[in-house]
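# Coordinates in review
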Amino acid sequence: MNQIPAEPRQNTAVPDIDLAARIFEELRLRTAASRGVTRASYGMGEQLAHDILKREAAKLDLSIQTDAACNLYMTLPGRGRGKPIYIGSHLDSVPLGGNFDGAAGVLLGLSVIAGFCSAGVVPPCDIVLVAIRAEESTWFGASYIGSRAAFGQLAAEELDDVLRAGDRSTLGAAIAAAGGDTASLRQGAAYLDPAAIGMFLEPHIEQGPVLLEQNLPIGIVTGIRGSFRYRHARCFGTYAHSGATGRSSRQDAVVAVSALVVRLNALWKDLDAEGEDMTVTIGQFNTDADEAAFSKVPGKVSFSLDLRSASPDTLARLRREVEARFQAIETEMGVRFEPGAPSGSTPARMHPGIVAGFENAARMLRVPTRIMPCGAGHDAAVFAQMGVPTGMVFIRNRNGSHNPDEHMEISDFAIAAEVVSALCLDPPQLSE
């Protein structure tokens, strides 16, 4: 935790927190679902959020651009000293999600820029507020669509093969419907040049309980865990009569997948004791609704598997361990696993100079912080992997995330905005 000096530094450009609070409420009301909010990637809710940001950016006389994937860039000119600072996050949500996941980062950047405008403060370099499309992989089953597209990293086949949950629209059709340029995306054209970006800052609510448990308003992120996933895994056994089939004659898919869950949890406990960074999650576990029955031994289970770690070596080891357990359970129980195509993301390290810059800004403002890793995926990972100096600030949040009950105090948001504002006025000198 940072030590707090006796004399705080005053920031003459106070972020416009009232503006952010007003837009949070507008987003909540206009993208409300039966519970929480729903802003589908390249859907009406996400588009509405982007339109709101465009409206507010125009009021501040910011320069407004979009790229081929409909990512939104809103620029406040600076004094031209150095490369621009990008601040932002995403505006889509999971189905029945919370109002702050992603949006907090975009509105924090807006509040910082509005504070500069109100005070007549010209930052040392351009500040670019970016609202990134399609971060939530729950819609298209692909990670970081908008940020990858901005760097020309979206594969052409994804436009045709990746389908949106619910309406089964192809990614390409969804982007085109939002006004994007799929022809440019197919050619791999990049809108962003990593060498032309001074740094990327992504404020975000914490999606775990660490800051809440330690009574801290913000955290400074050191790195983002990568992932290895089987999104559509299946286990096949044999359907049989529940009363007429003894234990030794069964190929029970539920028992087999349950054994996998228990063994992976034991592996997690063992590796945790070794000091390895990782998480294991079985987020979906379903029998076949059309064929399973109360009096049947289940012959098919669909499930998902999400493994995460900050270490590429640990992720590779986890993949080997999972495959070994598939084979062992198949031999023991007479079942068959079909894990499907794997997906995942690479771990990303935040720039130590930006971490130190955030620490210094927090110390000068007398804000207590915690230096911490990030377990969830974020667009910041793409920026970092493209070679852009990247940093993240977490904001304390109750009740987890990806649910309607997530809750961020606006006072904590204001503290994070002060820290980001201070860093933008006095950017750290970063080594190449």
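Use the structure listed above.
Residues numbered from 1 in each chain as written. Predicted model: local features only at pLDDT ≥ 70, side-chain atom pairs only at ≥ 80, totals over all residues. Heavy atoms only, no water.

A count of helical and extended segments in the protein gives 14 helices and 17 strands. Considering only contacts within the protein whose residues lie at least 6 apart along the sequence, 80% involve residues at least 24 apart. A total of about 18,200 Å² of accessible surface is found on the protein, and carbon and sulfur atoms cover 50% of it. (Helix = DSSP H or I, 4+ residues; strand = E, 2+ residues; numbered from the N terminus. Contact = heavy atoms within 4.5 Å. Areas by Shrake-Rupley, 256 points an atom, 1.4 Å probe, with all protein chains shown as cover.)

A word on the state of the cysteines. Applying the stated rule across the entire model yields zero disulfides. Free of any disulfide, cysteine 117 has its nearest neighbouring cysteine sulfur in cysteine 424, separated by 13 Å. (Disulfide = S-S within 2.5 Å.)

To continue, consider the packing of helix H3 (residues 103–119) against helix H14 (residues 410–425). Relative to each other, H3 and H14 sit at 60 degrees, their axes nearing to 9 Å. Between H3 and H14, the angle is such that the two are oblique. Pair H3 / H14 crosses with right-handed handedness. Contacts between H3 and H14 involve Ala104, Leu107, Leu108, Ser111, Val112 and Phe116 on the former and, on the latter, Phe413, Ala416, Ala417, Val420, Ser421, Cys424 and Leu425. Broken down by class, the residue content of the contact of H3 with H14 amounts to eleven nonpolar, two polar and no charged. (Axes fitted to C-alpha atoms, helices over the stretch in contact; angles between N-to-C directions. Parallel < 35°, antiparallel > 145°, perpendicular 65-115°, else oblique. Left-handed = near helix turned anticlockwise from the far one by under 90°. Nonpolar A, V, L, I, M, F, W, Y, C, P; charged D, E, K, R; others polar.)

Quick look at the pattern of salt bridges now. Enumeration over the complete set of coordinates arrives at 23 salt bridges. Across the salt bridge formed by glutamate 46 and arginine 133, the nearest N and O atoms sit 2.8 Å from each other. With glutamate 46 in helix H2 (residues 44–59) and arginine 133 in the loop between strand E4 (127–132) and helix H4 (137–140), this pair connects stretches of sequence that are 87 residues apart. Per residue, the accessibility class of glutamate 46 equals that of arginine 133, and both read buried. Residues glutamate 338 and arginine 234 are paired through a salt bridge, measuring 2.9 Å at the closest nitrogen-oxygen approach. Separated by 104 residues along the polypeptide, glutamate 338 in strand E13 (residues 336–338) and arginine 234 in strand E7 (residues 226–236) bring together distant segments of the chain. Residue classification places glutamate 338 among the partly exposed positions, given a relative accessible area of 30%. Taking relative accessible area as the criterion, arginine 234 reaches 31% and is therefore assigned partly exposed. It is possible to trace a salt-bridge network through shared partners that takes in Arg22, Glu26, Arg30, Arg55, Glu56 and Lys59. (Salt bridge = Lys/Arg side-chain N within 4 Å of Asp/Glu carboxyl O. Buried < 20%, exposed > 50% of the residue type's maximum accessible area, 1.4 Å probe, protein only.)

These figures come from the coordinates and say nothing about function on their own.
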